[in-house]
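# Structural features, examined
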Amino acid sequence: PTPHPMTIAAMRSGSYPGSDLQIIEQLPNGSNYERMIVSYLSEGLRINALMTIPFGDPPEGGWPVIVFNHGYIPPDVYRPTERYIAYVDGFARSGYIVLRPDYRGHADSEGEARGAYGRPDYTIDVLNAVASIQRHPLANPERIGMWGHSMGGHITLRVMVTTQTVKAGVIWAGVVASY
């Protein structure tokens, strides 16, 4: 029988190739980093993300990366440049590329926002974000960490049990068990 799509076995058997990141919009720079909206593919859908890249020459192997998973924000009011600004800025100022996926159905990302708890959709979007940032020429594909708040903590845990690509994770007030 086919495993339920939310099981670890089903997630591990999936394919998450990501794609090259495409710049959608250049945003005003931060203190020592550039900011932009980029997109990548996840199950054929164009998913947008906020990305920061430090100024200057990257360390040997490329800049370390933080994939930043936001918590639940109603998809119709979600904006990629609002909320969590100080956290993204803190990582970016400290020499990390930050990639903050919007998830499907949020802001201008394609697809339907069906939630993270009963469906694998948002986790799949983040797994494809990881594969996409690994392709970026300034990113170190061996130094990828993940930070998730609330629903983003749930996604962080699911990603980390699905792949060994993410080397470190922080779950802040994660909803990682049954309600």
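Anyway, here's the lowdown on the structure attached to this text. For clarity, every value in this text was computed on a predicted model and none was experimentally measured. All residue numbers refer to position in the chain's written sequence, counted from 1. Given that this is a predicted model, residues contribute local features only at a pLDDT of at least 70 and side-chain atom pairs are listed and counted only at 80 or more, while totals for whole chains, interfaces and linings are drawn from all residues. Side-chain metrics rest on all non-hydrogen atoms present in the structure, leaving aside hydrogens and water.

## Focus on helix α2 (residues 85–93)
Within α2, the full set of buried residues consists of V88, D89 and A92. Viewed end-on, α2 has its buried residues packed into an arc of 100°, placing them on one side of the element. In this fold, the buried residues of α2 make contact with β2 (33–42), β3 (45–54), β4 (63–69) and β5 (97–101). Helix and strand definitions follow DSSP, with helices as H or I runs of at least four residues and strands as E runs of at least two, each counted in order from the N terminus. Downstream of α2 by a residue or two, G95 has a phi angle that is positive, lying close to 95°. Note on exposure labels: buried denotes an accessible area under 20% of the residue type's maximum, exposed denotes more than 50%, and partly exposed covers the range between, all computed with a 1.4 Å probe on protein chains only. In this description, the arc belongs to the directions extending from the helix axis to the C-beta atoms. Contacts are assigned to residue pairs that have any heavy atoms within 4.5 Å of one another.

## Points about the layout of surface pockets
Cavities and pockets are defined on a 1 Å grid built over the protein atoms alone: a cavity is a set of grid points where a 1.4 Å probe fits but cannot escape, while a pocket is an open set with protein on both sides within 12 Å along at least five of seven lines, and lining residues are those with an atom within 4 Å of any such point. Grid points are joined across faces, edges and corners, and a volume is the space filled by probe spheres set on the points. Empty space within the largest pocket amounts to approximately 170 Å³. Taken together, 14 residues line the largest pocket, and the ones lying closest to its centre are V65, I66, Y96, G145 and A168. Counting residues per element, the ones that place at least two in the lining of the largest pocket are β4, β6 (139–149) and β7 (166–172). Among the elements that make up the lining of the largest pocket, the one with the highest residue count is β6 (five residues). A breakdown of the residues in the lining of the largest pocket according to their chemical character gives ten nonpolar, two polar and two charged. Only Asp, Glu, Lys and Arg are considered charged in this grouping, and only Ala, Val, Leu, Ile, Met, Phe, Trp, Tyr, Cys and Pro are considered nonpolar; every other residue, Gly among them, is considered polar.

## Things to note about the environment of P120
Relative to the assigned elements, P120 resides in the loop between β5 and α3 (121–135). The class of P120 is buried, set by a relative accessible area of 11%. For the pair P120 and I155, spaced 35 residues apart in sequence, the C-alpha separation works out to 9.0 Å. Leaving out residues up to four positions away in the same chain, P120 has contacts with P5, M6 and M11.

## Overview of the pairing of β2
Burial analysis of β2 places eight of its ten residues in the buried class, the great majority of the element. Only strands that DSSP links by at least two bridges are regarded as paired with each other. With five bridges joining them, strand β1 (residues 22–27) and β2 adopt antiparallel strand pairing. Residue pairing across strands places I23 opposite V38, the latter belonging to β2. In sequence, β1 turns back onto β2 through a hairpin of five residues. By the bridge criterion, ten bridges tie β2 to β3 in an arrangement that is antiparallel. Its bridge partner lying in β3, E34 is registered against I53.

## Comments concerning the sheet that holds β5
Across the sheet, which stays open at both edges, the seven strands sit in the order β1-β2-β3-β5-β4-β6-β7 with mixed pairing between neighbours. On the outer flanks of this sheet lie β1 and β7, each paired with one strand and no other. Adjacent strand axes in the sheet meet at a mean angle of 25° when their direction is disregarded. Summarising the sheet, β4 and β6 pair through six bridges and their orientation is parallel. Bridging from a neighbouring strand, V65 pairs with I144 of β6. Where helices are involved, their axes are fitted lines through C-alpha atoms of the stretch in contact, as for all axes, and angles between N-to-C directions lie from 0 to 180°. The strands that α3 touches are β2, β3, β4, β5, β6 and β7; relative to β2, the one it contacts most, it runs at about 120°.

## Considerations on the pattern of salt bridges
Salt-bridge detection follows one rule: a side-chain nitrogen of Lys or Arg within 4 Å of a carboxyl oxygen of Asp or Glu. Across all of its chains, the model carries five salt bridges by this definition. Between D89 and R93 there is a salt bridge, and its shortest N-O distance comes to 2.5 Å. Of this pair, D89 and R93 both sit in helix α2, four residues apart, roughly one helical turn. For D121, the salt bridge goes to R114, with nearest N and O atoms at 3.0 Å. The class of D121 is buried, set by a relative accessible area of 5%. The class for R114 is partly exposed, based on a relative accessible area of 40%.

Note that all results are geometric; they support no functional claim without further evidence.
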